Amino acid sequence: MQIHCAAGFSFVKEGESVMKIGVLALQGAVAEHIRSLEAAGAEAVAVKRVEQLDELEGLVIPGGESTTIGKLMRNYGFIDAVRQFAGQGKPLFGTCAGLIVLAEEIEGQEEAHLRLMDMTVARNAFGRQRESFETDLDVKGIDEPIRAVFIRAPLIKKVGKDVDVLSTYNDEIVTARQGHLLAASYHPELTDDYRLHAYFVDMVKEAAASKA
Amino acid sequence: METGTSRVKRGMAEMQKGGVIMDVMNAEQAKVAEAAGATAVMALERVPSDIRAAGGVARMADPTIVEEVMKVVSIPVMAKARIGHYVEAKVLESMGVDYIDESEVLTPADEVFHISKNEFTIPFVCGAKDLGEALRRIQEGAAMLRTKGEPGTGNIVEAVRHLRLINGQIRKVQGLSKDELYNEAKVLGVPYDLLLQIHETGKLPVVNFAAGGVATPSDAALMMHLGADGVFVGSGIFKSDSPEKFARAIVEATTHYQDYKLIAEVSKNLGTPMKGIEISKLDSSQRMQDRGI
């Protein structure tokens, strides 16, 4: 497999320990994230039980249906467990449904899920499936544009002052970072471009190094 | 900016993985399905077991029902068009349905040709009971597949047969030499390029769900164990005694298909599942899976 690697990113350096990163595997595109994380030099595992979080340095919340993922997270104690995980400074990365799960507030919905990132999101913000699309997208911190696949995608409508906007599409926020939390409206895991995953793996390395 | 690309269409199905797609006949059932954790709903006028009982010609649902369902849920809404019925599919697309099932559950409109699905912006799911059907449907533009388990029977045996057959055929194709692939393409009646792709990757290029005959949480888990990417449940939920509990139980069993204690737990006191039909009791004219090969 050919790995797309832009300047400024290093995947695995000699003598560096490999980060173990989980992908929440309750529903959604789990295998694609595992493949992308591995291509970006991390060890990746599917996470179905809260006990598995203890052995991880970072966690991805994948795309899927946010209502289903949120509901299953509640059923199996993942809401508190992931909040604690993040509380230890361990990085999280949410794509599409995962972004919705991370948000403090969801427009038109009383109950949000993890409420970790200081942002308000709108679900299905572009419309229905016929409005789903792919496009080239500039992301701050990544040299060349990435191919972003938006599928019934959400948008970030409002962010707090600690949130750094990494990219916009038609003036709407689609990638954001708040310290050790990263969120994207689209699906980097559906392409063979692993740079956003490499960006997240670097966040995990930094967080692990600062604890050591 | 491009809409309707094969990545966008197939990607939408990838997001359904590990999930349960439920047949619903009205807004109220759609809300029950969404609350239970369905990843999508299939809006229908009648579930397959009722279609089977009613006989006659089964067609696309009344648009009112589809619209009603689209209004009340935020998860994707799918709807069925008859095999080969281009206009039913265009009507559903114009309404903004998220996925079309070109389905053998309805009476076929064309006994030879399927819909040319590549020219649509919205994605299609099609049934396949062997690798030949699977690759023909992909060539026509299907972005998602499902087994053609005998619909409305509550009997899992056919879905199991189809999934095992497809997976076995994929393993066989992987082991063929390149010159043998030409003949295999001819035997299966499929394009060589797609078969070569299967040979090289060892998997279908689109997700493949289980469908037809899923009646219990254990049925759903069995299909996941056999390698299905997710599960369609048709008559199984709203023909059971307590649809809400049933729907929740099937969702949990699909997610945790290897956690047998959990499946035991969610299977307790579910009441009677749908009654079910022994497949050998169906005569060949009643077998929906033989439609549209």
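What counts and what doesn't
Residues numbered from 1 in each chain as written. Chains lettered and ligands numbered in written order. Predicted model: local features only at pLDDT ≥ 70, side-chain atom pairs only at ≥ 80, totals over all residues. Heavy atoms only, no water. 1 Å grid on protein atoms, 1.4 Å probe; cavity = no way out; pocket = protein on both sides within 12 Å on 5 of 7 lines; lining within 4 Å. Points joined across faces, edges and corners; volume = space filled by probe spheres on them. Helix = DSSP H or I, 4+ residues; strand = E, 2+ residues; numbered from the N terminus. Nonpolar A, V, L, I, M, F, W, Y, C, P; charged D, E, K, R; others polar. Pairing = 2+ DSSP bridges. UniProt positions renumbered as here; feature names shortened; annotations may be inferred. Buried < 20%, exposed > 50% of the residue type's maximum accessible area, 1.4 Å probe, protein only. Contact = heavy atoms within 4.5 Å. Polar contact = N/O pair within 3.5 Å; in protein donor to acceptor, adjacent residues only side chain to side chain. Salt bridge = Lys/Arg side-chain N within 4 Å of Asp/Glu carboxyl O. Axes fitted to C-alpha atoms, helices over the stretch in contact; angles between N-to-C directions. Parallel < 35°, antiparallel > 145°, perpendicular 65-115°, else oblique. Left-handed = near helix turned anticlockwise from the far one by under 90°. Phe/Tyr/Trp six-rings, centres within 6.5 Å; stacked < 30°, edge-to-face > 60°. Lys NZ or Arg CZ within 6 Å of the ring centre and 35° of its normal.

Moving on to empty space enclosed by the protein. Residues and elements named next belong to chain B. According to the stated counting rule, one finds three cavities of 30 Å³ or more in the structure shown. In this structure, the largest cavity spans a volume of roughly 230 Å³. Along the wall of the largest cavity there are 26 residues; nearest its centre are Pro48, Pro151, Ala211, Gly212 and Gly234. Secondary structure elements with two or more residues in the lining of the largest cavity: β5 (99-103), β9 (231-233) and α11 (235-238). In terms of residue class, the lining of the second largest cavity is made up of seven nonpolar, four polar and three charged.

Right, let's talk about the pairing of strand β10 (residues 164-169) of chain A for a bit. One ladder, built from five bridges, connects β10(A) with strand β11 (residues 172-178) of chain A; its direction is antiparallel. Each bridged residue has a counterpart across the sheet, and for Ser167(A) the counterpart in β11(A) is Thr175(A).

UniProt records the feature "domain: PdxS/SNZ N-terminal" (unreviewed entry) for residues 6-211 of chain B in the present numbering. Taken end to end, residues 6-211 of chain B has its terminal C-alpha atoms 23 Å apart, with 46% of it in helix and 15% in strand.

Turning next to the UniProt feature "active site" (unreviewed entry) in chain A. Within this numbering scheme, the UniProt entry marks Cys96(A), His187(A) and Glu189(A) as carrying the feature "active site" (unreviewed entry). The greatest C-alpha distance among the annotated residues, which extend across 94 residues, is 10.7 Å, indicating that they converge on a single site. Of the annotated positions mentioned, Cys96(A) line the second largest cavity. Along the chain, Cys96(A) turns up in the loop between β4 (92-95) and α4 (97-102). A residue is classified by how much of its surface remains accessible, and Cys96(A), at 5% relative accessible area, is buried. Contact partners of Cys96(A), with chain neighbours within four places excluded, come to Gly63(A), Ile151(A), Ala153(A), Pro154(A), Ala184(A), Ser185(A), Tyr186(A) and His187(A). Within the secondary structure, His187(A) sits in the loop between β12 (181-184) and α5 (195-211). The class for His187(A) is buried, based on a relative accessible area of 0%. Beyond its immediate sequence surroundings of up to four residues, His187(A) is in contact with Gly63(A), Thr95(A), Cys96(A), Val149(A), Ile151(A) and Met15(B).

Considered as a void within the structure, the largest pocket measures approximately 1400 Å³ in volume. Taken together, 42 residues form the lining of the largest pocket, with Ala31(A), Glu32(A), Glu14(B), Lys17(B) and Lys203(B) sitting closest to its centre. If you list the elements that add at least two residues to the lining of the largest pocket, you get α1 (30-39) of chain A together with α1 (6-14), α7 (157-175), α9 (192-201), β8 (207-209) and α12 (243-255) of chain B. With five residues, the top contributor of residues to the lining of the largest pocket is α1(B). Here the residues of the lining of the largest pocket sort into 16 nonpolar, 14 polar and 12 charged. For the second largest pocket, the calculated volume is near 250 Å³. If you trace the second largest pocket, you find it lined by Thr67(A), Lys71(A), Arg74(A), Gln109(A), Glu111(A), His113(A), Arg123(A), Glu34(B), Ala35(B) and Ser74(B).

Residue and element names in this part refer to chain B. The residue His162 is located in helix α7 in this model. Within the local environment of His162, its side chain forms a polar contact with the backbone nitrogen of Gly149, the two atoms lying 3.5 Å apart. Ignoring sequence-local partners within four residues, the contact set of His162 consists of Ala128, Lys129, Thr147, Lys148, Gly149 and Gln289.

Oppositely charged side chains can pair when the atoms bearing their charge come close. Residues and elements named next belong to chain B. Counted by the stated rule, this structure contains 37 salt bridges over all chains. Taking the shortest distance from any N to any O, the salt bridge between Arg146 and Asp101 comes out at 3.0 Å. With a gap of 45 residues between them, Arg146 in strand β7 (residues 144-146) and Asp101 in strand β5 connect regions that are remote in the sequence. The exposure classification of Arg146 matches that of Asp101, with both residues buried. The residue Glu200 makes a salt bridge to Lys178 at a minimum N-O spacing of 4.0 Å. Of this pair, Glu200 sits in helix α9 while Lys178 sits in helix α8 (residues 178-188), and the two are 22 residues apart along the sequence. Glu200 gets classed as exposed once you look at its relative accessible area, which sits at 53%.

In this section: the packing of α8(B) against α9(B). Residues and elements named next belong to chain B. In contact at an axis separation of 9 Å, α8 and α9 are set at 125 degrees when each is read in the N-to-C sense. Between α8 and α9, the crossing angle belongs to the class labelled oblique. Relative to α9, α8 is oriented so that their crossing is right-handed. The residues of α9 that touch α8, namely those facing Lys178, Leu181, Tyr182, Glu184, Ala185 and Leu188, are Tyr192, Leu195, Leu196, His199 and Glu200.

Per the counting criterion, the structure on display carries 12 aromatic pairs over all chains. Seen in terms of ring centroids, Phe120(B) and Phe124(B) are 4.9 Å apart; in terms of plane orientation they differ by 80 degrees. Their pairing is edge-to-face. Given a relative accessible area of 0%, Phe124(B) falls into the buried group. One aromatic cluster is present, built from ring pairs that chain together Phe126(A), Phe133(A), Phe150(A), Tyr169(A) and Tyr186(A). Above the ring of Phe120(B), the side-chain terminus of Lys90(B) is found at 4.2 Å from the ring centroid.

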